[in-house]
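As a plain string of letters, each chain reads:
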Amino acid sequence: MAAYLCPPAVIHGEHAVETSQIVAEVSGRHPDAAWAPRIEGIAASTGIETRGWMLPLETAVAPGDGSGLRTAGVGPAREALVRDGFTEQDVDRVIAALEAIPAPQTVQERTAPAWAAVQSYGERAARGALQIAGLDAADVDCLITSHSTTPALPGLDVALANQLPLRNDVMLLPATQWACIAGTRSLALAADLVAADPDRVVLVVIAEALSTTYQPSDDTLESLIVRLLFADTAVAAVVTGRPRPESVLRLDAAWHHTLPGTQDLHRLETRADGTHFVMDRRGPRAVQQTVTAMWEWLHHRYQDDPDSWHPDVLLAHPGGTRVLEYMEQTMPDGWPSGLLDHSRDSYTSGNRGGAAVFDILRRAHDAGQKPGDRAVLYAAAPGLTATALQGEWL
């Protein structure tokens, strides 16, 4: 399967959003929520003090352009009030009061600026990855893209094909619904593509504006956690079938796993006011099952050397700290400590979804890895589905 990966380009959201800002905004909007007295402790438990967004917090919480009469309209509302016996003077007062009520943003108002940002950030990441790899846009044979939180057709693949621009014969492979697994699964697909043609150059670009799931009207505990966790990031990397001077990691094997009957645990829902990320508290336990299955895959892969083989670095995006703790608790005996340090470091500035593994990989690269260091990359996503890769540092 050997595929060669160049260091990724990582573009963080440029608008720093402090946890204290989120706590203040949510507390002011939902003072009577069941979790309101505990919000400070809940926020502190995430371990995240700031995260980068592509757009400022003010954009996410701004009212829409319409009013409380957006759906019904002034005419039908006035007619209904008159039928109920309101005087003309009372009707005027009620209509004026309703028009003064700000309406929430529509899905278009919420998604359109985020989609524009995703395209801009994605282009910057793509150009950065090509520069790192010492290549030009004309060298790209295949483009794999993912952007789960900003649905669009045509998508990021076509946008980048025009913006970079790419050759007219480049294979475009959009994978919008990969979500958190985009980092590992895109690399697995790229490895298959270069295995079929070692001269092929694959560019992977993932741009996620997870802040679009910040929904001011939601008052559930799960929606509070979503507000506190997510960050916006664009990443990109070049994968080739032959080693290049810029290559830093060789990918040798891939593993995929899907848990049946878990498709409703984590999901995106598009409603009138935009995209909502719905979480189920059973989710972390289900993700843990994929971790156990990954250990079994690695055990089987290295069953001839079970006592001495172990990764030197584990680049994992399991979605939360609880699963990171579970991974540490269930690692085979004798594995060194600190394998998840780069994952934890990345998580302190937010959950980056599909861009997370590339961000973690970049942190590991910048920290310095020795040639021959063994790496395992892992991610789980709504579905629940997981992909892991095993490789070696060059």
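Residues numbered from 1 in each chain as written. Predicted model: local features only at pLDDT ≥ 70, side-chain atom pairs only at ≥ 80, totals over all residues. Heavy atoms only, no water.

**Student:** Summarise the pairing of strand β11 (residues 274-279); cite the residues concerned and give the values.
**Tutor:** In terms of burial, β11 is largely enclosed, as 5 of its 6 residues are buried. Where strand β10 (residues 266-271) and β11 come together, 6 bridges link them in antiparallel fashion. Note that in β11 the partner of Arg267 across the bridge is Val278. In this antiparallel pair of consecutive strands, β10 and β11, the connection spans 2 residues. (Buried < 20%, exposed > 50% of the residue type's maximum accessible area, 1.4 Å probe, protein only. Helix = DSSP H or I, 4+ residues; strand = E, 2+ residues; numbered from the N terminus. Pairing = 2+ DSSP bridges.)

**Student:** I'd like to hear about helix α1 (residues 19-29), residue by residue, with values.
**Tutor:** All buried positions along α1 are accounted for by Thr19, Ile22, Val23, Glu25 and Val26. In an axial view of α1, the angular spread of the buried residues amounts to 170°, which keeps them on one side of the axis. Exposed positions of α1 whose direction lies more than 90 degrees from the buried face are Ser20, Ala24 and Gly28. Elements that come into contact with the buried residues of α1 comprise β3 (15-18), α2 (39-45), β4 (50-53), α3 (57-61) and α9 (221-229). (Arc of directions from axis to C-beta. Contact = heavy atoms within 4.5 Å.)

**Student:** How would you explain empty space enclosed by the protein if you had to name every residue and give the values?
**Tutor:** In this structure the tally under the stated criterion is 3 cavities of 30 Å³ or more. Its boundaries defined by the atoms lining it, the largest cavity holds a volume of some 70 Å³. Contributing to the lining of the largest cavity are Trp53, Leu55, Pro56, Thr59, Ala60, Gln105, Arg110, Pro113, Ala114, Ser211 and Thr212. Looking at which element gives the most residues to the lining of the largest cavity, the answer is helix α6 (residues 107-133), with 3 residues. Here the lining of the largest cavity is composed, by residue class, of 6 nonpolar, 4 polar and 1 charged. (1 Å grid on protein atoms, 1.4 Å probe; cavity = no way out; pocket = protein on both sides within 12 Å on 5 of 7 lines; lining within 4 Å. Points joined across faces, edges and corners; volume = space filled by probe spheres on them. Nonpolar A, V, L, I, M, F, W, Y, C, P; charged D, E, K, R; others polar.)

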